[in-house]
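# Per-entry structural report
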Amino acid sequence: MTNSLIIVCILTMIIHTAETLSYSVRLAGVRLNKIAIALSLTGIIVLISRTANLVQAPLTAKFVDYAKDHDIFPLLNYLKIIMLASSLGTLIAIAIFPTFVGLFERVISKLEIEGSIPKLLTSVTIGQLKNTRKYIRKPKLSLYYFRYLGIPKRFIVMNIFVTAFYTVGVLSSLYAAHLVPEFSTTASQASGLINGMATILLTVFIDPQLGIITHKATENREYRSQLGKIYVVLMGSRFLGTLLGQLMLVPAAGFISMLVKLL
């Protein structure tokens, strides 16, 4: 099962790296004043994330099936390792964030010229791929520069909890299936009980505030220069959310177990 765990961890890192890098697309769009085109590119990120999830989800569920027949199998430890992979994926995104902002600026400009994603992809040459090296930037993190960005603290805290809910949603339902084997099928399909909370918080509190932040940057040049730092703070809160998920895994699984028994 070790090989399967490695594969699941790699796919989990890809999912969280891709989702976190959506901030780099937004920043590139704001810098070029082409936010609508930039947001259309988020579909590519969603495609990468969902494709990885198509393989990751059944492989993770396989651990639960294996644990049914092997009492000594450390299922909880495996799930926590997978969650650590989500934290690592978020850290990778933070590290390559400056590089991908430059790359997406180039992609957005090319997309405006070509007019569609298929034409954009077919126009890429080997020489252009080699030139991507010039966009490589080292991340520069200094806590002093993040002190006065005007981000509401409740927004950051809410982003931490939303990320934690999404990180733990599917894994907690799978662990609940292990805790209540007589309702294993019901429990394994109950991730929406946790993800639903995250969706409500995301829709009501996160997305509108993120839209306001982005809109301010498009109209205010001074605010625009701070937007990259703001996104780094938000990515940092996502990282903290993945860590918080470690603490929420068992309670969330217990919550799902209790509810499926009442259904």
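So, how was this worked out
Residues numbered from 1 in each chain as written. Predicted model: local features only at pLDDT ≥ 70, side-chain atom pairs only at ≥ 80, totals over all residues. Heavy atoms only, no water. Helix = DSSP H or I, 4+ residues; strand = E, 2+ residues; numbered from the N terminus. Phe/Tyr/Trp six-rings, centres within 6.5 Å; stacked < 30°, edge-to-face > 60°. Buried < 20%, exposed > 50% of the residue type's maximum accessible area, 1.4 Å probe, protein only. Salt bridge = Lys/Arg side-chain N within 4 Å of Asp/Glu carboxyl O.

## Side note on the environment of isoleucine 14
Position of isoleucine 14 relative to the elements: it lies in helix α1 (residues 2–20). Along the sequence, isoleucine 14 and alanine 52 sit 38 residues apart, while their C-alpha atoms lie 7.0 Å from each other.

## Some words on the packing of aromatic side chains
In total, this model carries six aromatic pairs according to the counting rule given. Considering the side-chain rings of tyrosine 23 and tyrosine 231, the 5.3 Å spacing of their centres and the 35° angle between planes classify their relative orientation as tilted. In this pair, tyrosine 23 sits in helix α2 (residues 22–32) while tyrosine 231 sits in helix α10 (residues 221–262), placing the two residues 208 residues apart along the sequence. On the accessibility criterion, tyrosine 231 (0% relative accessible area) is buried. Between phenylalanine 100 and phenylalanine 104, the aromatic rings sit 6.0 Å apart at their centres with planes inclined by 50°, giving tilted as the arrangement. Remark: phenylalanine 104 and phenylalanine 100 occur in helix α4 (residues 75–114); sequence separation between them is four residues, near one turn of the helix. You can call phenylalanine 100 partly exposed: its relative accessible area is 26%.

## Considering the pattern of salt bridges
Scanning the model with the defined rule gives two salt bridges in all. Here glutamate 19 makes a salt bridge to arginine 238, at a shortest N to O gap of 3.7 Å. Here arginine 238 lies in helix α10 and glutamate 19 lies in helix α1, a separation of 219 residues in the sequence. By relative accessible area, which is 14% here, arginine 238 ends up buried. Taking the shortest distance from any N to any O, the salt bridge between glutamate 105 and arginine 31 comes out at 3.5 Å. Separated by 74 residues along the polypeptide, glutamate 105 in helix α4 and arginine 31 in helix α2 bring together distant segments of the chain.

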